Amino acid sequence: ILGAYYLGKAAQLENSEKNLTFAARLLLDEVMQGAEPALQSWMANEAKGFFEKLVAQNPNNDSAVIAIGACYMFGNIAANPMEGILKVRSIAEKDPNNMYAQLMLGLGGLRSGQLDKAIERFLKVTEKQPSNIEATLLLADAYDRKGDKKNAVSWYRKASNLIQIPEAKKDIEERIKTLQQ
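Attention here is on the structure that accompanies the text. This is a predicted model, so every value here is computed, not measured.

**Side note on the side chain of T136**
Consideration 1: Note on placement: T136 falls in helix α8 (residues 133–146).
Consideration 2: Not counting chain neighbours up to four residues away, the residues in contact with T136 comprise T126, P130, W155, K158, A159 and L162.

**Points about the packing of aromatic side chains**
Consideration 1: This structure, assessed with the given rule, holds zero aromatic pairs.
Consideration 2: A cation over an aromatic ring shows up here: K158 above the ring of W155, its NZ or CZ 4.0 Å from the ring centre.

**Thoughts on the packing of helix α2 (residues 17–33) against helix α3 (residues 37–57)**
Consideration 1: As a packed pair, α2 and α3 sit with axes 8 Å apart at the nearest point and diverge in direction by 150°. Here α2 lies roughly antiparallel to α3, going by the angle between them. Seen from above, α2 lies across α3 with left-handed handedness. Here E17, L20, T21, A23, A24, R25, L27, L28, E30 and V31 of α2 come into contact with α3, specifically with Q40, M43, A44, E46, A47, F50, F51, K53, L54 and Q57.
Consideration 2: Classifying every residue of the contact of α2 with α3 by side-chain character gives 12 nonpolar, three polar and five charged.

**Quick word on the environment of L115**
Consideration 1: Mapped onto the elements of the fold, L115 is located in helix α7 (residues 115–128).
Consideration 2: Here the alpha-carbon distance between L115 and N60, two residues 55 residues apart in the chain, equals 31 Å.
Consideration 3: L115 has contacts with G109, L110, A142, R145 and K146, leaving out every residue within four places of it along the chain.

**Points about helix α10 (residues 166–180)**
Consideration 1: Here α10 contains 15 residues, and its C-alpha end-to-end distance of 21 Å stays within 8% of the 21 Å for a straight helix at 1.5 Å per residue.
Consideration 2: For α10, the full list of buried residues reads I172, I176 and L179. Seen along its axis, α10 keeps its buried residues to an arc of 65°; they face one direction. Of the exposed residues in α10, the ones pointing more than 90 degrees away from its buried face are P166, E167, K170, D171 and K177.
Consideration 3: Taken together, the buried residues of α10 touch α8 and α9 (149–162).

**Side note on the layout of surface pockets**
Here the idea is plain: a probe the size of a water molecule rolls over the atoms and shows the empty space left.
Consideration 1: Estimates place the volume of the largest pocket at around 390 Å³.
Consideration 2: Contributing to the lining of the largest pocket are 16 residues, with M32, Q33, L107, E134 and L138 lying nearest its centre.
Consideration 3: Mapped by element, the contributors of at least two residues to the lining of the largest pocket are α2, α6 (99–112) and α8.
Consideration 4: Ranked by residue count, the leading element in the lining of the largest pocket is α6, at six residues.
Consideration 5: Along the lines of polarity and charge, the residues of the lining of the largest pocket split into nine nonpolar, one polar and six charged.

**Side note on the pattern of salt bridges**
Consideration 1: Summed over the entire model, instances satisfying the criterion amount to six salt bridges.
Consideration 2: Put simply, E52 and K48 hold a salt bridge, and the shortest N to O gap is 3.1 Å. Taken as a pair, E52 and K48 lie in helix α3 at a separation of four residues, close to a single helical turn.
Consideration 3: On the accessibility criterion, K48 (14% relative accessible area) is buried.
Consideration 4: Of the charged contacts, one joins D144 and R175 as a salt bridge, the two residues approaching to 2.7 Å between their closest N and O atoms. Residue D144 is located in helix α8, and its partner R175 is located in helix α10; the two are separated by 31 residues in the primary sequence.

Conventions and cut-offs
- Residues numbered from 1 in each chain as written.
- Predicted model: local features only at pLDDT ≥ 70, side-chain atom pairs only at ≥ 80, totals over all residues.
- Heavy atoms only, no water.
- Helix = DSSP H or I, 4+ residues; strand = E, 2+ residues; numbered from the N terminus.
- Contact = heavy atoms within 4.5 Å.
- Phe/Tyr/Trp six-rings, centres within 6.5 Å; stacked < 30°, edge-to-face > 60°.
- Lys NZ or Arg CZ within 6 Å of the ring centre and 35° of its normal.
- Axes fitted to C-alpha atoms, helices over the stretch in contact; angles between N-to-C directions.
- Parallel < 35°, antiparallel > 145°, perpendicular 65-115°, else oblique.
- Left-handed = near helix turned anticlockwise from the far one by under 90°.
- Nonpolar A, V, L, I, M, F, W, Y, C, P; charged D, E, K, R; others polar.
- Expected span 1.5 Å × (residues − 1).
- Buried < 20%, exposed > 50% of the residue type's maximum accessible area, 1.4 Å probe, protein only.
- Arc of directions from axis to C-beta.
- 1 Å grid on protein atoms, 1.4 Å probe; cavity = no way out; pocket = protein on both sides within 12 Å on 5 of 7 lines; lining within 4 Å.
- Points joined across faces, edges and corners; volume = space filled by probe spheres on them.
- Salt bridge = Lys/Arg side-chain N within 4 Å of Asp/Glu carboxyl O.

Geometry only, nothing functional implied.
Here it is in structure tokens:
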């Protein structure tokens with residue numbers, strides 16, 4: 001985390017878009033994993049600052065705009081998470097084929113308990129990117145949380161076919177068995 005922070009600070013001084021993107025993504029990935037709330041907010045604020053610098057350098061960087069929205073949505077840095085959702089939604093409306101935006105909106109729906117909206121977004125991603133393991137697992141999870149065992153099992157099976165890690169396959173198979181009981 002500190003390495004990503006210092007890399008980002010150095011990239012700001014060097015005006016290096018590549019290093020700034022790398023540092024910001026590392027911090028955002030940590031935010032998405034969840035952490036102690038104060039640390040998560042700090043990481044999200046730092047990542048947001050790096051992404052804002054990227055957007056200042058290149059206003060057409062939709063991925064950076066989506067990432068800023070994700071910082072708001074998942075980093076507990078605003079009283080109103082809608083601020084982040086609106087940023088991401090603006091990109092999704094401009095380009096419905098932006099799967100990163102669709103995935104982030106799906107995650108937002110999942111986090112807020114809006115399972116139908118999350119499912120709709122994840123279905124869009126899996127339709128365009130059938131080998132997207134993350135979207136496939138998230139879709140299975142959304143159906144699982146909704147109590148739709150049939151669709152959950154179906155999507156967990158699809159995820160199992162995509163995953164190459166034996167331990168993960170075993171966990172998915174155990175989840176499928178639990179749902180089928």
